[in-house]
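An overview of the molecular structure
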Amino acid sequence: MSRRAVFRFVRHTMRRVDGVAPVCEVFCAEPGCGERSGAGAEAGVVEEWALRHAGRTGHGEYRRVFTDRARVKREG
């Protein structure tokens, strides 16, 4: 007796969840530094951290990371 598997592929979509603010974090990208702003809901606050850090250290390269929340829904 042999068994067969039947796969059914269903389309899904992914969308950002409304009403949930994205989270931003800034990382100093200068080699050997490793300092970071910490995560915050307001991009302006973490960007201010980068400006202060640049003023203190002279570091000019930063990596910004934005994270949001998404929901997956089955179509049809």
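Scoring rules and cut-offs
Residues numbered from 1 in each chain as written. Predicted model: local features only at pLDDT ≥ 70, side-chain atom pairs only at ≥ 80, totals over all residues. Heavy atoms only, no water. Helix = DSSP H or I, 4+ residues; strand = E, 2+ residues; numbered from the N terminus. Rg over C-alpha atoms; globule rule 2.2 N^0.38 Å. Buried < 20%, exposed > 50% of the residue type's maximum accessible area, 1.4 Å probe, protein only. Contact = heavy atoms within 4.5 Å. Areas by Shrake-Rupley, 256 points an atom, 1.4 Å probe, with all protein chains shown as cover. Lys, Arg positive; Asp, Glu negative; His and termini not counted. Charge placed at Lys NZ, Arg CZ, Asp CG, Glu CD. Phe/Tyr/Trp six-rings, centres within 6.5 Å; stacked < 30°, edge-to-face > 60°. Lys NZ or Arg CZ within 6 Å of the ring centre and 35° of its normal. Core = buried A, V, L, I, M, F, W, Y, C linked by side-chain atoms within 4.5 Å. Salt bridge = Lys/Arg side-chain N within 4 Å of Asp/Glu carboxyl O.

1. Structural notes on the overall build of the protein chain
Per the secondary structure count, the protein chain includes one helix and four strands. From first element to last, N terminus to C terminus, the protein chain shows the α and β order β-β-α-β-β. Radius of gyration (C-alpha) of the protein chain: 21 Å, far over the 11 Å computed for a compact globule of 76 residues. With respect to the principal axes defined by its C-alpha atoms, the protein chain has extents near 75 × 35 × 15 Å. With 76 residues in all, the protein chain has 14% of them scored as buried. Partitioning the intrachain contacts of the protein chain with sequence separation of at least 6 by distance along the chain shows that 58% fall at a separation of at least 24. With an accessible surface of roughly 6600 Å², the protein chain has 49% of that area assigned to carbon and sulfur atoms. Distance between charge centres in the protein chain, computed from 15 positive and 10 negative side chains, equals 17 Å.

2. Description of the packing of aromatic side chains
Where two aromatic rings form a pair, the distance of their centres and the angle of their planes describe that pair. The final tally for this structure, using the stated rule, is one aromatic pair. Measuring from ring centre to ring centre gives 6.3 Å for Trp49 and Tyr62, while their planes differ by 90°; the resulting arrangement is edge-to-face. Here the residue Trp49 occupies a position in helix α1 (residues 43-57), and Tyr62 occupies one in strand β3 (residues 62-67), the gap between them amounting to 13 residues. Directly above the aromatic system of Phe27 lies the positively charged group of Arg63, at a separation of 4.4 Å from the ring centroid.

3. Quick look at the nonpolar core
Judged by nonpolar contacts, Cys24, Val26, Cys28, Val46, Trp49 and Ala50 together constitute the single largest core of six residues. Those elements that provide at least two residues to this core are β2 (23-28) and α1. Leave out the neighbours within four places in its chain, and Cys24 touches Gly38, Ala39, Gly40, Ala43, Val46, Val65 and Phe66.

4. A word on the pattern of salt bridges
Going through the model one piece at a time under the given rule, you end up with two salt bridges. Of the charged contacts, one joins Glu25 and Arg36 as a salt bridge, the two residues approaching to 3.1 Å between their closest N and O atoms. Taken as a pair, Glu25 in strand β2 and Arg36 in the loop between β2 and α1 lie far apart in primary sequence, 11 residues in all. Owing to a relative accessible area of 14%, Glu25 belongs among the buried residues under this scheme. For Arg36, a relative accessible area of 52% gives the class exposed. Measuring nitrogen to oxygen at the nearest pair gives 2.8 Å for the salt bridge that ties Glu47 to Arg64. Here Glu47, found in helix α1, pairs with Arg64, found in strand β3; they are 17 residues apart in sequence, far enough to count as distant.

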